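# Structural features, examined
As a plain string of letters, each chain reads:
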Amino acid sequence: MEIVIETPNSPRKRKGANWEKYGWMYMRISGALLVALIFGHLLVNMVLPEGGVKAIDFAFVAGKWANPFWQAYDCLMLWLALIHGTNGMRTIVNDYAEKAAVRKTLQIVLLVTCVALIILGTLTLTTFDPCIDPAAHTYLPSICK
Ligand code: HEM
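Now for a description of the structure that goes with this document. (Residues numbered from 1 in each chain as written. Predicted model: local features only at pLDDT ≥ 70, side-chain atom pairs only at ≥ 80, totals over all residues. Heavy atoms only, no water.)

We now examine the coordination of the iron atom of the ligand. Exactly one donor from the protein chain reaches the iron atom of the ligand: H84 (NE2), at 2.0 Å. Within the fold, H84 resides in helix α3 (residues 68-96). (Donors = N, O, S within 2.8 Å, 3.2 Å for Na, K, Ca; no water. Helix = DSSP H or I, 4+ residues; strand = E, 2+ residues; numbered from the N terminus.)

Structure follows, in structure tokens:
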């Protein structure tokens, strides 16, 4: 069976949305956003804190995720990077997997893994409660009153 993959940036002859083009555009737009988000992430987590990378511990993460801005920031980075990485892997699978069944299987594995990680990561970010330990007010007094 011959497999035809859309050319992302050439005029389309078939009807319907050109998903390959949107995927191609997504890689560039998310790539540009990721540069800003990842450098911001490295700066805030590793460069600015006193003591550098050694400052990262449970209390550091709890403090960051007590702030909705950092929850939204990390959530955006998680979604953009996971969809970017998965779509990039899909391109590589399309380039190298020659058998249709192998290609389909790998694409399903990629999709399931991506959806599972997005759900797990988003749940972690949005439901994280550092004060779940009754003794937490002793080591996180400013967050757990
Ligand atoms: C620093 C931010 C990033 C930028 C600027 C960036 C940019 C890009 C661009 C423009 C492409 C498309 C290349 C093409 O179509 O020829 C691409 C592909 C890809 N990216 Fe990223 N990316 C970034 C971060 C990431 C991250 C965090 C991951 C992993 C989660 C990732 C995984 C991939 C993969 C697997 C591909 C496919 C490579 C291929 O087609 O050979 N990238 N990236």
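Scanning the entire structure with this criterion turns up six aromatic pairs. Here a set of aromatic residues connected by ring pairs shows up, and it is made of F58, W65 and F128. In this structure, K64 packs its charged tip against the face of W70, placed 4.7 Å from the ring centre. (Phe/Tyr/Trp six-rings, centres within 6.5 Å; stacked < 30°, edge-to-face > 60°. Lys NZ or Arg CZ within 6 Å of the ring centre and 35° of its normal.)

Summed over the entire model, instances satisfying the criterion amount to one disulfide. Each disulfide pairs two cysteine sulfurs, and for C131 the partner residue is C144, the sulfurs being separated by 1.9 Å. Measuring the twist about the S-S bond at about -80°, one finds the C131-C144 disulfide to be left-handed. Highlighted residues: C131 in the loop between α4 (100-127) and α5 (136-139) and C144 in the segment after α5, separated in sequence by 13 residues. In this structure C144 comes out as buried when scored by relative accessible area, which is 6%. The thiol of C75 is not disulfide-bonded; the next cysteine sulfur, from C114, is found 13 Å away. Residue C114 is classed as buried on the basis of its relative accessible area, which comes to 8%. (Disulfide = S-S within 2.5 Å. Buried < 20%, exposed > 50% of the residue type's maximum accessible area, 1.4 Å probe, protein only.)

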